[in-house]
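Each chain, written out:
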Amino acid sequence: MTRPHEVPLFDTAVTRLFGIRHPILCGGLMWLSTAPYVAAAARAGGIGFITARSFPDMGAFRAELQTCRELAGGNPFGVNLYLSNRESENAILERHVDVLLDEGVRAVETAGNAPGVLLPRLKEAGCTVLHKVSILKHAERAVRDGADAIAIVGMECGGHPGLDFIGSMVQGTLAPMRLGVPVVLGGGIGTGRQVVAALAMGAAGVILGTRMLVSEEIRAHEDYKRRIVAADERSSRLVLGILRNTYRVMDNTAARTVAAIEATGETDFEAYRPYVQGTAARRVYTTGDTDEGMLAMGQAAVFADSLAPVAAIYDELLADAATALDTVRRVSPVMA
Ligand SMILES: Cc1cc2nc3c(=O)[nH]c(=O)nc-3n(C[C@H](O)[C@H](O)[C@H](O)COP(=O)(O)O)c2cc1C
């Protein structure tokens, strides 16, 4: 029997731009979006992004791209390049670009600071570049600099929701009205009915993070995934606003400790470092001790209700989207 992920349901500017079957993208996930997961998204008809910063050196990064290519079965996949606001941490990105171009990758998700410095080289080499933002103002600049598409995330998202806390309903409606390039909406999305809603708002696709954390292909401890399954829409919290680097994470012991330090008015990063450094999260993914680090996670955790292969999650999203389309037609007899 044909499965939903095997058949295109939507033809959008984003499916055409990336040459994919479904306008459902899997955003980069630090430490987690490695070859098995990203290749599974590619085979399911979407596209995922390997986080370049997750690898200790260029050799390991190159090897991961090669593994992904082998596993992706000829389907496109991409790389996530995160631009830090600490300039000294961005020199490495040029080397990541050398490797990804050399390995034939032509889809890139940029995020964090403005991608202008990377765009000329990526565009010259024929890459499709999606720049991810939490606020429209930053999108406009990236479009002027040559980004092909914009992913805009609402404050429901896991990771960095920005400083203005604008929800996905507003972002998803406003961005397509204002920008002259295809828009992908993220933040709190974990069902097919939300995919339909995003397309109705004018987006040409969606980008998921939290919903996918329970994917079987993600290399993380089962106890961690079970905690995501148990989580609901109230299980995340915002921290680090005091450092103007707001982060939506699982509401666990580490996050509550950080919130307590924030409540004292502390503004020295060193006080937060032991909890917020990425290696703590990486350790949790290995040990499953989910209270021991700050773990990016958004409100869409409520939709992650079981451990499942990526293709099964795509099936669920697409079947739900098809039902949502029928529902809209039923409640609007004039459309039938
Ligand atoms: C565990 C986790 C790690 C993430 N790591 C990154 C990252 O390294 N780079 C990046 O651009 N976005 C990162 N994100 C953001 C996602 O790519 C995506 O934009 C976001 O999760 C979408 O919102 P959602 O969580 O509501 O689906 C991460 C998100 C999560 C949940």
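Model, not experiment: these values are computed from the prediction.

(A) Spotlight on the nonpolar core. Grouped together as the largest cluster of nonpolar side chains are 84 residues, with contacts concentrated most on Phe-61, Leu-65, Leu-81, Leu-100, Tyr-224, Ile-228 and Tyr-314. Sort the elements by how many residues they give to this core and helix 13 (residues 310-331) lands first, with eight residues. In terms of nonpolar packing, the next biggest core, distinct from the first, is built from 15 residues, Ile-20, Leu-25, Ala-151 and Cys-157 among them.

(B) Quick look at the site of the ligand. In the neighbourhood of the ligand, 20 residues make up the surrounding shell, with Gly-28, Lys-132, Gly-188, Gly-209 and Thr-210 lying closest. Interatomic distance of 2.9 Å between a backbone N/O atom of Met-30 and a nitrogen atom of the ligand. Here an oxygen atom of the ligand sits 2.8 Å away from a polar atom, N or O, in the side chain of Lys-132. Calculation on the ligand without its partners gives an accessible area of 610 Å², and the protein chains cover 92% of this total. Considering only residue class, the shell around the ligand consists of 10 nonpolar, nine polar and one charged.

(C) Structural detail: helix 7 (residues 168-178). Of the residues making up helix 7, those classed as buried are Ser-168, Gln-171, Gly-172 and Ala-175. Down the axis, helix 7 shows its buried residues gathered within 95 degrees of arc, on one side only. Among the exposed residues of helix 7, those pointing more than 90 degrees away from its buried face are Met-169, Met-177 and Arg-178. Taken together, the buried residues of helix 7 touch helix 6 (136-145), strand 6 (149-153), strand 7 (183-186) and helix 8 (192-201).

(D) Main features of the sheet that holds strand 7. In spatial order, the strands read 1-2-3-4-5-6-7-8; together these eight strands close into a barrel with parallel pairing. Mean inter-strand twist for the sheet, computed between neighbouring axes without regard to direction, equals 25 degrees. Seen against the sheet, helix 4 (residues 91-102) touches strand 3 (78-83) and strand 4 (107-112) and runs at an angle of roughly 170 degrees to strand 3. The strands touched by helix 8 are strand 1 (24-26), strand 7 and strand 8 (205-208); relative to strand 8, the strand with the most contacts, the crossing angle is about 135 degrees.

(E) Representation of helix 2 (residues 35-43). In terms of burial, helix 2 is largely enclosed, as seven of its nine residues are buried. All buried positions along helix 2 are accounted for by Ala-35, Tyr-37, Val-38, Ala-39, Ala-40, Ala-41 and Ala-42. Where helix 2 is buried, its residues meet strand 1, strand 2 (47-51), helix 3 (58-71), strand 3 and helix 13. Positive phi shows up at Gly-45, right after helix 2, with a value of about 100 degrees.

(F) How the structure looks around the packing of helix 3 against helix 4. Between helix 3 and helix 4, whose axes approach to 10 Å, the crossing angle comes to 35 degrees. Our pair here, helix 3 against helix 4, has a crossing hand that is right-handed. Contacts between helix 3 and helix 4 involve Met-58, Phe-61, Arg-62 and Leu-65 from the first element and Ile-92, Arg-95, His-96, Val-99, Leu-100 and Asp-102 from the second. A per-class count over the contact of helix 3 with helix 4 returns six nonpolar, one polar and three charged.

(G) Fine view of empty space enclosed by the protein. This structure, assessed with the given rule, holds one cavity of 30 Å³ or more. The computed volume of the largest cavity comes to approximately 30 Å³. Around the largest cavity sit Ser-134, Ile-135, Pro-161, Gly-162, Leu-163, Asp-164, Phe-165, Ile-166 and Gln-171, which together line it. Here the lining of the largest cavity is built from residues that sort into five nonpolar, three polar and one charged.

Rules and cut-offs
- Numbering of residues starts from 1 in every chain and runs along the sequence as written.
- Only residues with pLDDT of 70 or above have their local features reported here, since the model is predicted, and side-chain atom pairs are shown and tallied only from 80 upward, although totals for entire chains, interfaces and linings are computed over all residues.
- Derived side-chain values reflect all non-hydrogen atoms in the structure, with water molecules and hydrogen atoms excluded from consideration.
- Remark: nonpolar core denotes a set of buried residues (Ala, Val, Leu, Ile, Met, Phe, Trp, Tyr, Cys) joined through side-chain atoms within 4.5 Å.
- Burial here depends on accessible area, computed with a 1.4 Å probe over protein chains only, as a share of the maximum for the residue type. Under 20% is buried, over 50% is exposed, and the range in between is partly exposed.
- Secondary structure follows DSSP: runs of H or I at least 4 residues long count as helices, runs of E at least 2 residues long count as strands, and numbering of each begins at the N terminus.
- The criterion for a residue being near a molecule or strand is simple. One of its heavy atoms has to lie within 4 Å of it.
- Polar contacts here mean pairs of N or O atoms no more than 3.5 Å apart (in protein, one a potential hydrogen donor and the other a potential acceptor; neighbouring residues in sequence count only if both atoms are side-chain atoms).
- Only the protein chains shown count as cover for residues, with accessible areas throughout obtained via the Shrake-Rupley method and a probe of 1.4 Å.
- Side-chain classes follow a simple rule in which Ala, Val, Leu, Ile, Met, Phe, Trp, Tyr, Cys and Pro form the nonpolar group, Asp, Glu, Lys and Arg form the charged group, and the remainder, Gly included, forms the polar group.
- Regarding the arc, it is the one traced by the directions from the helix axis to the C-beta atoms.
- Whether two residues are in contact is decided by their heavy atoms: any pair within 4.5 Å suffices.
- Two strands qualify as a pair provided that DSSP identifies no fewer than 2 bridges between them.
- For helices, the fitted line uses only the C-alpha atoms of the stretch in contact; every axis is such a line through C-alpha atoms, and the angle between N-to-C directions lies from 0 to 180 degrees.
- Helix crossings fall into two classes, left-handed where the near helix is turned counterclockwise from the far one by less than a right angle and right-handed where it is turned clockwise.
- Note on definitions: the grid is 1 Å and covers protein atoms alone; a cavity is a set of points where a 1.4 Å probe fits but cannot get out; a pocket is an open set with protein on both sides within 12 Å along at least five of seven lines; lining residues have an atom within 4 Å of a point.
- Grid points are joined across faces, edges and corners, and a volume is the space filled by probe spheres set on the points.

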